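# Coordinate inspection notes
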Amino acid sequence: GNSVTQMEGPVTLSEEAFLTINCTYTATGYPSLFWYVQYPGEGLQLLLKATKADDKGSNKGFEATYRKETTSFHLEKGSVQVSDSAVYFCALILNAGGTSYGKLTFGQGTILTVHP
Amino acid sequence: GAGVSQTPSNKVTEKGKYVELRCDPISGHTALYWYRQSLGQGPEFLIYFQGTGAADDSGLPNDRFFAVRPEGSVSTLKIQRTERGDSAVYLCASSMGTSGSPGELFFGEGSRLTVL
């Protein structure tokens, strides 16, 4: 089956530190990959995505590169801010046609806390 | 409305009772999804509606769970004979369906269900 594994959390950083949250996946086909973020008191929202190997998704200073050879999609940010404190979820979709269009498989989430 | 709206935000019930959770999607979104998020886990897919019909209900855990979307807009998730293991946050999401980007869902803040 399909699965997503994220690094164990929580992650605590000081402001302006470098962030990496690891994500690896197992899929029976060729997935599209996503990072979703959940800020306190808000619903999940899409942060970035990549649909094919070597694609780099980016948004709000965050980046992730689709690595087919290592089945990974690690999230990085060069300098985190207090406002980045949230829960981050890696996810995949397999065969994005038909009924699979919104059938995401999520990782367990990583809690990020950034201190001033 | 501007975003996906879910009611109630919190529901506490007793084991064996019947529960309804409501979702009002973004206006114009044809696709609607229900996910369940247990404590410390990522969201898990339950059911997907395209219009009024359930296109994929493969994630519903058993026949105590049922969902409807009679007019292709608001949806209700119904849980009969609730069990303590049903305690979770139930997330609703909507999207443009096949007219939109695969995997790009817009989530509500969720309904937290606690079964005592």
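Structural data are supplied above this passage.
To start, this report covers the structure provided alongside it. (Residues numbered from 1 in each chain as written. Chains lettered and ligands numbered in written order. Predicted model: local features only at pLDDT ≥ 70, side-chain atom pairs only at ≥ 80, totals over all residues. Heavy atoms only, no water.)

Counting secondary structure elements, chain A contains zero helices and twelve strands. Computed over the C-alpha atoms, the radius of gyration of chain A is 14 Å, within 12% of the 13 Å expected from 2.2 N^0.38 for a compact globule of 116 residues. Overall, the C-alpha framework of chain A stretches about 45 × 30 × 25 Å when taken along its three principal axes. Every one of the 116 residues in chain A was classed for burial, and the buried ones make up 44%. (Helix = DSSP H or I, 4+ residues; strand = E, 2+ residues; numbered from the N terminus. Rg over C-alpha atoms; globule rule 2.2 N^0.38 Å. Buried < 20%, exposed > 50% of the residue type's maximum accessible area, 1.4 Å probe, protein only.)

Across its full length, chain B holds zero helices and eleven strands. Written out in order from the N terminus, the α and β elements of chain B read β-β-β-β-β-β-β-β-β-β-β. Here the C-alpha atoms of chain B give a radius of gyration of 13 Å, agreeing with the 13 Å that 2.2 N^0.38 yields for 116 residues. Overall, the C-alpha framework of chain B stretches about 40 × 25 × 25 Å when taken along its three principal axes. Each of the 116 residues in chain B was classed as buried or not, and the buried ones make up 45%. Of the accessible surface of chain B, which amounts to about 5,500 Å², a share of 46% is contributed by carbon and sulfur atoms. Distance from the positive charge centre (11 side chains) to the negative charge centre (12 side chains) of chain B: 8 Å. (Areas by Shrake-Rupley, 256 points an atom, 1.4 Å probe, with all protein chains shown as cover. Lys, Arg positive; Asp, Glu negative; His and termini not counted. Charge placed at Lys NZ, Arg CZ, Asp CG, Glu CD.)

Once that is clear, we can look at unusual backbone geometry. Note that the residue after Thr7 of chain B, namely Pro8 of chain B, is joined by a cis bond; omega there is -10°. Along the chain, Pro8 of chain B turns up in the loop between strand E1 (5-7) and strand E2 (10-13). Despite not being glycine, Asp54 of chain A shows a phi value in the positive range, around 75°. The topology assignment puts Asp54 of chain A in the loop between strand E6 (45-50) and strand E7 (56-59).

Here we come to the environment of Asn2 of chain A. Residues and elements named next belong to chain A. Position of Asn2 among the secondary structure elements: in the segment before strand E1 (3-6). Contact partners of Asn2, with chain neighbours within four places excluded, come to Thr26, Ala27, Thr28, Leu92, Leu94 and Thr105. For Asn2, the side chain forms a polar contact with the main-chain nitrogen of Thr28, separated by 3.2 Å. (Contact = heavy atoms within 4.5 Å. Polar contact = N/O pair within 3.5 Å; in protein donor to acceptor, adjacent residues only side chain to side chain.)

Once that is clear, we can look at the nonpolar core. In this structure, Leu19, Trp35, Leu47, Leu48, Phe73, Leu75 and Tyr88 of chain A are the most contacted members of the largest nonpolar core, which totals 26 residues. Of all elements in the fold, only strand E2 (11-14), strand E3 (19-21), strand E4 (23-26), strand E5 (31-38), E6, strand E8 (62-65), strand E10 (86-94) and strand E12 (110-115) of chain A reach the threshold of two or more residues within this core. Tallying contributions element by element places E10 of chain A first for this core, with four residues. Beyond its immediate chain neighbours, meaning those up to four positions away, Leu75 of chain A contacts Leu19, Thr20, Ile21, Trp35, Leu47, Leu48, Phe62, Glu63, Ala64 and Tyr88 of chain A. The next biggest cluster of nonpolar side chains, apart from the first, holds 20 residues, and it includes Cys23, Leu46, Cys92 and Leu113 of chain B. (Core = buried A, V, L, I, M, F, W, Y, C linked by side-chain atoms within 4.5 Å.)

On to the interface of chain B and chain A, then. Across the contact, 24 residues belong to chain B and 21 residues belong to chain A. Summing the contributions of chain B and of chain A, the shared interface buries around 1,800 Å²; its carbon and sulfur component is 57%. For the pair chain B and chain A, the interface holds one salt bridge. Measuring nitrogen to oxygen at the nearest pair gives 3.0 Å for the salt bridge that ties Lys103 of chain A to Asp56 of chain B. At the boundary of chain B and chain A, one finds seven residue pairs in polar contact (both at pLDDT 80 or more). Secondary-structure elements contributing two or more residues to the side of chain B that touches chain A are strand E4 (31-37), strand E5 (44-50) and strand E6 (53-56) of chain B. Per-element tally for the side of chain B that touches chain A: the top contributor is E4 of chain B, with three residues. (Buried area = accessible area lost by both parts, 1.4 Å probe. Salt bridge = Lys/Arg side-chain N within 4 Å of Asp/Glu carboxyl O.)

Before going further, it helps to spend a moment on the side chain of Gln6 of chain B. Residue and element names in this part refer to chain B. Within the fold, Gln6 resides in strand E1. A polar contact of 2.9 Å, which involves the side chain of Gln6, links it to the backbone oxygen of Tyr90. A polar contact of 3.0 Å, which involves the side chain of Gln6, links it to the backbone nitrogen of Gly110. If near-sequence neighbours (up to four positions away) are discounted, Gln6 is found in contact with Arg22, Trp34, Tyr90, Leu91, Cys92, Gly108, Glu109, Gly110 and Ser111.

Attention now goes to the pattern of salt bridges. Residues and elements named next belong to chain B. Enumeration according to the criterion identifies seven salt bridges over all chains in this entry. Between Arg64 and Asp86 there is a salt bridge, with the nearest N and O atoms lying 2.8 Å from each other. Of this pair, Arg64 sits in the loop between E6 and strand E7 (65-68) while Asp86 sits in the loop between strand E8 (75-79) and strand E9 (88-95), and the two are 22 residues apart along the sequence. The pair formed by Arg64 and Asp86 is uniform in burial state, with each residue classed as buried. By sharing partners, the salt bridges in this structure join Arg64, Glu83 and Asp86 into a single network.

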